[in-house]
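Here is how the chains run, residue by residue.
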Amino acid sequence: MNGSSPEKVVILDAGAQYGKVIDRRVRELNVESELLPLDTSATELKKRNYKAIIISGGPSSVNDANAPSYDPSIFRCGIPLLGICYGMQMLNKEFGGSVLKKDAREDGQFTIVADVKSPFFKGMKQDQHVLLTHGDSVQTVGNGLKVIAKSGDLVAGLADEQNRLYGVQFHPEVDLTTNGKAMLHNFLFEIAGCQGGFTMESREAQCVRFIRDIVGKNKVLMLVSGGVDSTVCAALLHKALQSDQVLAVHIDNGFLRRDESVQVAESLANQGLKLHVVNSAQRFYGSTTLVPDGAGKRRTLPLCQVVAPEEKRRIIGDTFVHVADEVIQDFHLRPEDVFLAQGTLRPDLIESASHLASKKADAIKTHHNDTELVRELRAQGRVVEPLCEFHKDEVRAMGVALGLPSALVQRHPFPGPGLAVRVLCAEEPFMDASYGETSTLLHAIVRFDASIKENHGLLGKIARSTSEQEREVLKCVTEKTRLNAHLLPIRSVGVQGDARTYSYVAALSADGEPDWESLFVLAKLIPRICHTVNRVAYVFGSAVKEPVKDITVTHLAEPVLEVLRECDAVANKILLTSGCVGRLSQMPIILIPVHFDRDPALRTPSSQRAVVVRTFITNDFMTGVPAVPGVDLPIEVRRVRVCRPPRGGRGCRAGGQ
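What comes next concerns the included structure. (Residues numbered from 1 in each chain as written. Predicted model: local features only at pLDDT ≥ 70, side-chain atom pairs only at ≥ 80, totals over all residues. Heavy atoms only, no water.)

**A look at the nonpolar core**
1) Next: Core analysis: the biggest nonpolar cluster contains 45 residues, and Leu221, Phe255, Leu556 and Ile589 have the highest contact counts within it.
2) Next: The set of elements that each furnish at least two residues to this core consists of β10 (219–223), β11 (246–252), α8 (281–285), α9 (309–330), β15 (338–341), α19 (558–577), β20 (589–592) and β21 (610–613).
3) Next: Sort the elements by how many residues they give to this core and α9 lands first, with 8 residues.
4) Next: Apart from the residues lying within four places of it in its own chain, the contact partners of Leu556 are Phe255, Leu303, Cys304, Lys312, Ala420, Val423, Cys425 and Leu561. (Core = buried A, V, L, I, M, F, W, Y, C linked by side-chain atoms within 4.5 Å. Buried < 20%, exposed > 50% of the residue type's maximum accessible area, 1.4 Å probe, protein only. Helix = DSSP H or I, 4+ residues; strand = E, 2+ residues; numbered from the N terminus. Contact = heavy atoms within 4.5 Å.)

**Quick look at the pairing of strand β3 (residues 52–55)**
1) Next: Here β3 shows a buried face lined by Ala52 and Ile54 and a second buried face lined by Ile53 and Ile55.
2) Next: Summarising the sheet, β3 and strand β4 (residues 81–84) pair through 3 bridges and their orientation is parallel. Note that in β4 the partner of Ile54 across the bridge is Leu82. (Pairing = 2+ DSSP bridges.)

**Focus on the packing of helix α6 (residues 228–240) against helix α12 (residues 392–401)**
1) Next: At a minimum axis separation of 10 Å, α6 and α12 run at an interaxial angle of 40°. Viewed along their axes, α6 and α12 adopt a mutual orientation that is oblique. Here α6 and α12 pass one another in a crossing that is left-handed. Side by side, α6 and α12 meet where Val228, Asp229, Val232 and Leu236 of the first sit next to Lys392, Val395, Arg396, Met398 and Gly399 of the second. (Axes fitted to C-alpha atoms, helices over the stretch in contact; angles between N-to-C directions. Parallel < 35°, antiparallel > 145°, perpendicular 65-115°, else oblique. Left-handed = near helix turned anticlockwise from the far one by under 90°.)

**Thoughts on helix α17 (residues 468–480)**
1) Next: Across its 13 residues, α17 extends 19 Å between first and last C-alpha, which sits within 8% of the 18 Å expected from 1.5 Å per residue.
2) Next: Among the residues of α17, Glu470, Leu474, Val477 and Thr478 are the ones counted as buried. Buried positions in α17, seen along its axis, are confined to an arc of 90° and lie on one side of it. Away from its buried face, by an angle of more than 90 degrees, α17 presents the exposed residues Glu468, Gln469 and Lys480. (Expected span 1.5 Å × (residues − 1). Arc of directions from axis to C-beta.)

**A short note on the pattern of salt bridges**
Pairs may arise between side chains of opposite charge once their charged atoms sit close together.
1) Next: Applying the stated rule across the entire model yields 30 salt bridges.
2) Next: With a shortest N-O distance of 2.3 Å, Glu562 and Arg258 are connected by a salt bridge. Taken together, the residues Glu562 in helix α19 and Arg258 in the loop between β11 and α7 (260–269) connect sequence positions 304 residues apart.
3) Next: Here Glu562 falls in the partly exposed class, since its relative accessible area comes to 24%.
4) Next: The structure contains a network of salt bridges with shared partners spanning Arg24, Arg25, Glu28, Asp175, Lys181 and Glu394. (Salt bridge = Lys/Arg side-chain N within 4 Å of Asp/Glu carboxyl O.)

**Things to note about the packing of aromatic side chains**
Each pair of aromatic rings is reported with the distance of its centres and the angle of its planes.
1) Next: Per the stated rule, a full pass over the model turns up 11 aromatic pairs.
2) Next: Between Tyr70 and Phe75, the aromatic rings sit 6.0 Å apart at their centres with planes inclined by 90°, giving edge-to-face as the arrangement.
3) Next: With a centroid separation of 5.2 Å and 65° between ring planes, the pair formed by Phe284 and Phe320 is classed as edge-to-face. One end of the pair, Phe284, is in helix α8; the other, Phe320, is in helix α9, with 36 residues separating them in the sequence. With respect to burial, Phe284 and Phe320 carry one shared label: buried.
4) Next: A connected cluster of aromatic rings, assembled from ring pairs, spans Tyr70, Phe75 and Phe95.
5) Next: Over the ring of Phe414 we find Arg257, and its NZ or CZ is 4.0 Å from the ring centre.
6) Next: Above the face of the Phe430 ring, Arg491 is positioned so that its terminal group lies 4.4 Å from the ring centre. (Phe/Tyr/Trp six-rings, centres within 6.5 Å; stacked < 30°, edge-to-face > 60°. Lys NZ or Arg CZ within 6 Å of the ring centre and 35° of its normal.)

**Examining the sheet that holds β15**
Paired through their backbone hydrogen bonds, the strands of a sheet run either parallel or antiparallel.
1) Next: Ordered by their spatial adjacency, 5 strands build an open sheet running β12-β11-β10-β15-β16, and the pairing between neighbours is parallel. Bordering the open sheet on either side are β12 (275–279) and β16 (383–384), each of which pairs with just one other strand.
2) Next: Where β10 lies against β15, 4 bridges are found, and the strand directions are parallel. Note on β15: the bridge partner recorded for Lys219 is Val338.
3) Next: Packing of α6 onto the sheet brings it into contact with β10, β11 and β15, and relative to β10 it is tilted by some 160°.
4) Next: In this fold α9 packs onto β10, β11, β12 and β15, with an angle of close to 140° to the strand it touches most, β10.

**What to know about unusual backbone geometry**
1) Next: One non-glycine residue, Cys85, lies in the positive phi region at around 60°.
2) Next: As for its placement among the helices and strands, Cys85 is situated in the loop between β4 and α3 (86–94).

**Focus on the packing of α17 against helix α18 (residues 516–529)**
1) Next: Where α17 contacts α18, the two axes come as close as 10 Å, and the packing angle between them is 130°. Put simply, α17 runs oblique to α18. Like other packed secondary-structure pairs, α17 and α18 cross with a definite hand, here left-handed. Counted together, Glu470, Val473, Leu474, Val477 and Lys480 of α17 and Ser518, Val521, Leu522, Leu525 and Arg528 of α18 form the full contact between these two elements.
2) Next: Of the residues belonging to the contact of α17 with α18, the class tally is 6 nonpolar, 1 polar and 3 charged. (Nonpolar A, V, L, I, M, F, W, Y, C, P; charged D, E, K, R; others polar.)

On their own, these measurements won't tell you what the molecule is for.
The structure is reproduced here in structure tokens:
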């Protein structure tokens, strides 16, 4: 570290998905920070002379019997404190306030009304766009606290300004809170009195020294997927070590994009790094692994027969490790003399609930580079991950500094498990006990104007999850935009309130050109009102008339993968040739087992699948927004991309938002 100052801020981890983002934002403001467990004592915090305490969000409820433990004295030890999301609810409850689970949960970007007289909002306007992700809300305000922000009728901010205690229900650390960095600046400098004398040394030099210290004279097996992360990691290893120490291996698992292996080999060859390509597609298709099952473990079916997304990820991650061990043997090396290098990033560890990132975070998805086998290797000290403190944009900056070509550095992210996790596999439709009510509620929302006239029985549920202003907007939207809505009998993985959800997808459709402004209003409100929906998609073409009650049985078979591979290639080619690739952060192409508008009278079996195009804009790759056609992406590009059919004429029609 250079310019290290005696002032430090501590971040107490309550299990937030964004815990490390808080750490990063604080350091960007030139204040040194440390991440410690939530139950760190006030005595220890005082001993370390921290200038401020920040409590992160988390997936728990403060009312849970097994809620994370903490030292109540942290709120009375005289150190300025900011509680974020769960942290605000802790603050409120500690001073006698109450927190309750309400019908209105907030997940997404909202406009709050801030008290601009509060030092926390100094220099800002009253209306602030913020990210909210919570189901519990403040019911009664604690003693000595006052409300400094509201989201409709819900409390969005509290403060005891005399004792420099602040809490916000939203996340100031993420990009979706427009002025979040300025809010953190106000807390650190105006409230806590930080000076901002901290700077970091060159992160590239830091990584090179880290690699040399860990590896020494040993050899390193680097698994190169072809994505930005593993390629930058390989380039760092090449710079830090002797050429004969680095064994760069690309394992073709059968789930890569078109011509991926050839492109990866050529890119690294241009950097002077020889790549060994191992074709293991058939091995992966038939692989199994052990997964938790109650108190014990069970062996999965072969990957080509598995439908659960978590099991797919675990099988692929563990098979990578097994193949890597075999590669080591092929090179006649001893495993104990070889380190495994990975381009693991901080968000990978957070989403996998790795203890390296957080001891209390909820697992969102298992990353192929953070399976149980990888964790065992870490425990043995055999894994080198120089980028594990980095986020995607920081890795790209590192790649540029290392001299990697711009086309490679700016590539859209592609998951290690590849197309395997972009095929939504299923053997039967998912329709649990909530399907009927959720479907009825969905129709009441998209026909809200008619629901009011009919005095629909679910109007009260809609009212409890929305403000009066939002209901007025919803009424106007549904009066001018006639949409059909269908609840798809599939489940999609999502994140709501710092926890993983595995829920329904709502599909909207219409005759004629889509009204994107109206669609985005509905996409924001539907998951908030329908708690068992975590994604909303728009289906291109004419309005979908028939409800979808069945699915096309789908596994990871080569013909299915080839359809997705072709769709992915077509979409990315159009994005590249249109000059729009730089406008999006990511554009996953996903295959779902849905066959729209089969005539029920003909009893046609479900035999086709639909393609979802998910356009995504983000800086931190933790939160983001969909691209808006006509604003972030030309409508002409969107239309061409959607209407061009994949090879084989599979009738793919869905476009995701």
